[in-house]
Amino acid sequence: VQLQASGGGLVQAGGSLRLSCAASDRTFSVLPVGWFRQAPGKERQFVAGIGWNGVSTSYADSVKGRFTISRGNAKNTVYLQMNSLKPEDTAVYYCAAAHFRYGGTYSSESLYDYWGQGTQVTVSS
């Protein structure tokens, strides 16, 4: 499964962006998917995850109430809607997909099997 992340850019604090993760394979529609981010000099961290059926979602505490992960109607795309952006949200954002292991969402990097190339999000103050 090849993943393509897009939608990053430069935005002012308080603004919004929507990231997209598009997959080359239809099996993506039933795989758990996660978004991670890595800021300069920091380790990659979990941002949000969605379960295989699109029902279960989870978020890092730092983005709860501001970010929303969802599956597109075509099912081969997962979105990350980011509102009320803060300068500390600046990072390279990666999407990832996992083989099904158990129900729910996966927050651990080690559970993911496929990774996109990343898209830069920069939030100016």
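Computed from a predicted model, the values in this text were never measured in an experiment.

Each value, and the rule that gives it
- Residues numbered from 1 in each chain as written.
- Predicted model: local features only at pLDDT ≥ 70, side-chain atom pairs only at ≥ 80, totals over all residues.
- Heavy atoms only, no water.
- Helix = DSSP H or I, 4+ residues; strand = E, 2+ residues; numbered from the N terminus.
- Rg over C-alpha atoms; globule rule 2.2 N^0.38 Å.
- Buried < 20%, exposed > 50% of the residue type's maximum accessible area, 1.4 Å probe, protein only.
- Areas by Shrake-Rupley, 256 points an atom, 1.4 Å probe, with all protein chains shown as cover.
- Disulfide = S-S within 2.5 Å.
- Salt bridge = Lys/Arg side-chain N within 4 Å of Asp/Glu carboxyl O.
- Core = buried A, V, L, I, M, F, W, Y, C linked by side-chain atoms within 4.5 Å.
- Pairing = 2+ DSSP bridges.
- Axes fitted to C-alpha atoms, helices over the stretch in contact; angles between N-to-C directions.

A. View of the overall build of the chain. Within the chain one finds zero helices and eleven strands. Counted from the first residue to the last, the chain has its helices and strands arranged as β-β-β-β-β-β-β-β-β-β-β. Computed over its C-alpha atoms, the radius of gyration of the chain comes to 13 Å, within 12% of the 14 Å expected for a compact globule of 125 residues. The principal-axis extents of the C-alpha atoms in the chain amount to approximately 40 × 25 × 25 Å. Each of the 125 residues in the chain was classed as buried or not, and the buried ones make up 44%. Accessible area for the chain stands at about 6200 Å²; split by element, carbon and sulfur atoms hold 46% of it.

B. Seen up close, the state of the cysteines. Under the definition given, this model contains one disulfide. Here Cys21 is linked by a disulfide to Cys95, with a sulfur-sulfur distance of 2.2 Å. Judged by the sign of its S-S torsion, about 70°, the cystine formed by Cys21 and Cys95 is right-handed. Of the two residues, Cys21 is situated in strand E3 (residues 17-23) and Cys95 in strand E9 (residues 91-97); the sequence distance between them amounts to 74 residues.

C. Up close: the pattern of salt bridges. By the definition in use, this model includes five salt bridges. With its nearest N and O atoms 3.0 Å apart, the salt bridge here joins Arg44 to Glu109. Residue Arg44 is found in the loop between strand E4 (33-38) and strand E5 (45-50), and its partner Glu109 is found in the loop between E9 and strand E10 (114-115); the two are separated by 65 residues along the sequence. With relative accessibility at 29%, the residue Glu109 sits in the partly exposed group. Of the charged contacts, one joins Arg66 and Asp89 as a salt bridge, the two residues approaching to 2.7 Å between their closest N and O atoms. Remark: Asp89 occurs in the loop between strand E8 (77-82) and E9 and Arg66 occurs in the loop between strand E6 (57-59) and strand E7 (67-71); sequence separation between them is 23 residues. Each of the salt bridges in this network shares a partner with another, and the network as a whole consists of Arg37, Arg66 and Asp89.

D. Looking closely at the nonpolar core. Residues Phe28, Trp35, Val47, Phe67, Leu80, Met82 and Tyr93 are the most contacted members of the largest nonpolar core, which totals 29 residues. For this core, the elements supplying multiple residues, two or more each, are strand E1 (3-6), E3, E4, E5, E7, E8, E9 and strand E11 (119-124). Core analysis: the second largest hydrophobic core is formed by seven residues, Phe36, Phe46, Tyr106 and Tyr112 among them.

E. Quick peek at the sheet that holds E8. In spatial order, the strands read E1-E3-E8-E7; together these four strands make up an open sheet with antiparallel pairing. The open sheet terminates on both sides in strands that have one partner only, identified here as E1 and E7. Neighbouring strand axes in the sheet, compared pairwise and without regard to direction, differ in orientation by 15° on average. Pairing of E7 with E8, which is carried by five bridges, proceeds in the antiparallel orientation. Across the sheet, residue Thr68 finds its bridge partner in E8, namely Gln81.

Note that every value here comes from positions in space, so none of it alone points to a role or purpose.
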